[in-house]
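As a plain string of letters, each chain reads:
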Amino acid sequence: MAYMPGGGAPAPGVAPVGSQYCVCKVELSVSGQNLLDRDVTSKSDPFCVLFTENDGRWSEYDRTETAVNNLNPAFSKKFVLDYHFEEVQKLKFALFDQDKSSTQLEEHDFLGQFSCSLGTIVSSKKITQPLLLMNDKPAGKGLITIAAQELSDNRVITLSLVGRKLDKKDLFGKSDPFLEFYKPGGDGKWMLVHRTEVIKYTLDPVWKPFTVPLVSLCDGDMEKPIQREFECINPKKQKKKKNYKNSGIIILRSCKINRDYSFLDYILGGCQLMFTVGIDFTASNGNPLDPSSLHYINPMGTNEYLSAIWAVGQIIQDYDSDKMFPALGFGAQLPPDWKVSHEFAINFNPTNPFCSGVDGIAQAYSACLPHIRFYGPTNFSPIVNHVARFAAQATQQQTAMQYFILLIITDGVISDMEETRHAVVQASKLPMSIIIVGVGNADFAAMEFLDGDSRTLHSHTGEEAARDIVQFVPFREFRNPPIDKFILKRYSQAPRVLRRQKRPWRKLCWQSCPNKLFSISSIKTCPPPTRSPPECQPSPSSSMPAGPPTLPRNMHAHPASLWVAFFFFSFKLIHIFIFYNRTSTPNFLQPSWASFIGVD
């Protein structure tokens, strides 16, 4: 039986998945159960083929080995892919019964297939799903099980060193020593790994402890012995002086290994990314019945607000097990008394503002437009504080089960800037991040100010943000992306068109998110959870602010440090050179997460 994934012939060979913003590599293990038996005198000889989607076309990525006479195979060959949090990486697993030695799939019997995104597998860690035939009917009782594992060494090493009786290099004072660590590179040349700070005017320096990835320092090899003291040898002096011993010694005071948790450690552990949408319904958007309004839904069924909801929500929904998202509005007058609200459920159910998936958010948004009056002002702080109340309760958990993401879509200048700054600074201490998408042509300078990429945000009281939690993206810079004609011809429903558009600004929203999401680890010590069956039932009674809310369901929290262990590494792989700074002192200090530790 010939196999045509997605209507097109597969192109053999490895197809790259994702973009340049690779978070890490993921290993997928595949097994099958109760597969169809296509052979007459024996059982099927199954093998699995992985296809990836790129620009709407399925391409073969890799294949497993063939399991001979086995209807319940566990394939030893793994699929290794680059994992990109900011993208929807669609995968298709197809199983075949090998009948010939040919590499052409049409020469083999089709046993069933299963399609999903890589994010779905990663967020579940292990999934078991029924196999389907090409007509979407069940492939008998066939099942496929896929398990994900991160391939990375996320250990970091912290070293503390001191010098004793170093050479005096300055004529009218003492030396200004610092350390440089080198290791041999693949080309035979020495590669700089780390440089310490300069200690002024001393022959007995005590350098600050520093942390570097274990892979960077010694390629992760811990089987080599360590030396506690290292002599500093000056080759020129050694040649000139017969009784020369050394130019001082370097003493290793402590050596520790910590595990620096990665984004996938938390996702694979069962953390849930809790997504909330805040939509601007102020009068500056214009009458939604007017084609010039930003809320006007065009004949294709789209507008900039819907585009932002689809682009961001499509990524996040893979990391929420029940896919129930609260959607809130602000800046509108609500019936029946037409009072202005800056925090209302767009489904008009204040006790249960949850929408079912991104489709549900889009439907609730479209349905509410005729029933509200656009007004103002543009206040962000009520919605930021709303999500922050839930995030604050998540910090009471022993493991990182919940992390909150607030998407705010707005067209104008923030009216309550002082209150919003204060709310963001307070939220920076919590397991929470904010994505702001600016639509229209307004002045978004205030949004850039909240996004602390170039400067640290301060509240109006002078309090400094513990970390950068805001990502701002101006929609107008990516307003007219090309839409594939084939997609427009094949799909008449606008949401499906939106889902297939290649929007570079969607990557901009998410590409830095793993770092922003999990920089919270520098503030609190909270390990990833241990994977267990999800218990994600919404509790609608606590969704809207009527006093301190209780957690509505399993959400998501922050990462942190893990176990500490002593280890040995090879000094032969690392050369330490002592340098004496005779001029001005450069700033050799490297940025460290430790600088954030201690924030309450």
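About the cut-offs
- Residues numbered from 1 in each chain as written.
- Predicted model: local features only at pLDDT ≥ 70, side-chain atom pairs only at ≥ 80, totals over all residues.
- Heavy atoms only, no water.
- UniProt positions renumbered as here; feature names shortened; annotations may be inferred.
- Helix = DSSP H or I, 4+ residues; strand = E, 2+ residues; numbered from the N terminus.
- Expected span 1.5 Å × (residues − 1).
- Buried < 20%, exposed > 50% of the residue type's maximum accessible area, 1.4 Å probe, protein only.
- Contact = heavy atoms within 4.5 Å.
- Core = buried A, V, L, I, M, F, W, Y, C linked by side-chain atoms within 4.5 Å.
- Phe/Tyr/Trp six-rings, centres within 6.5 Å; stacked < 30°, edge-to-face > 60°.
- Lys NZ or Arg CZ within 6 Å of the ring centre and 35° of its normal.
- Salt bridge = Lys/Arg side-chain N within 4 Å of Asp/Glu carboxyl O.

The chain is annotated in an unreviewed UniProt entry as Copine-2 isoform X3 from Balaenoptera musculus. We quote the UniProt Sequence similarities (unreviewed entry) comment for the chain here in full: "Belongs to the copine family."

Chemist: Can you tell me about helix 6 (residues 357-368), naming the residues and giving the values?
Modeler: When the terminal C-alpha atoms of helix 6 are compared, their 17 Å separation across 12 residues agrees well with the 16 Å that a helix rising 1.5 Å per residue should span. When we look at burial in helix 6, the residues that qualify are Gly357, Val358, Gly360, Ile361, Ala362, Ala364, Tyr365 and Cys368. In the core, the buried residues of helix 6 are packed alongside strand 15 (272-280), helix 5 (304-316), strand 16 (324-330) and strand 20 (354-356).

Chemist: Explain the nonpolar core residue by residue, including any values.
Modeler: By size, the foremost hydrophobic cluster in this structure holds 71 residues, and its most contacted members are Leu28, Tyr83, Phe93 and Phe281. Of the residues forming this core, the biggest block, seven residues, is contributed by helix 5. Ranked by size, the runner-up nonpolar core spans 33 residues in total, among them Val387, Val425, Ile436 and Met447.

Chemist: Quick one: what's the story with the environment of Ala148, residue by residue and with numbers?
Modeler: Note on placement: Ala148 falls in strand 8 (residues 138-151). Ala148 sits in the buried class, given a relative accessible area of 6%. Spatially, the C-alpha atoms of Ala148 and Phe79 are 9.5 Å apart, while their sequence positions differ by 69 residues. Beyond its immediate stretch of four places on either side in the chain, Ala148 contacts Val26, Glu27, Leu28, Ile121, Val122, Lys125 and Leu268.

Chemist: Please provide a residue-by-residue account of the packing of aromatic side chains, values included.
Modeler: Taken as a whole, this structure holds 10 aromatic pairs when the rule is applied. On the numbers, 6.3 Å between centres and 55° between planes, the contact of Phe79 with Phe93 is tilted. With a gap of 14 residues between them, Phe79 in strand 4 (residues 79-83) and Phe93 in strand 5 (residues 90-97) connect regions that are remote in the sequence. The residues Phe79 and Phe93 share a single accessibility class, namely buried. Taken together, the ring pairs in this structure connect Phe281, Tyr305, Phe344, Tyr365 and Phe374 into an aromatic cluster. Just above the ring of Trp58 sits the side chain of Lys92; from NZ or CZ to the centre is 4.6 Å.

Chemist: Any details on the pattern of salt bridges? Residues and values, ideally.
Modeler: Scanning the model with the defined rule gives 11 salt bridges in all. Close ionic contact of Asp82 with Lys25 constitutes a salt bridge, the shortest N to O distance being 2.5 Å. With Asp82 in strand 4 and Lys25 in strand 1 (residues 24-33), this pair connects stretches of sequence that are 57 residues apart. The exposure class assigned to Lys25 is partly exposed, which follows from its relative accessible area of 40%.

Chemist: So, unusual backbone geometry: which residues are in play, and what are the values?
Modeler: The linkage connecting Pro335 with the following residue, Pro336, adopts the cis geometry, with an omega of 5°. In this structure, Pro336 sits in the loop between strand 17 (332-334) and strand 18 (339-341). For the bond from Gly376 to Pro377, the omega torsion is 0°, close enough to zero to count as cis. Of note, Pro377 is situated in the loop between strand 21 (373-374) and helix 7 (381-394). Phi angles above zero are rare outside glycine, and Phe348 is one such case at about 60°.

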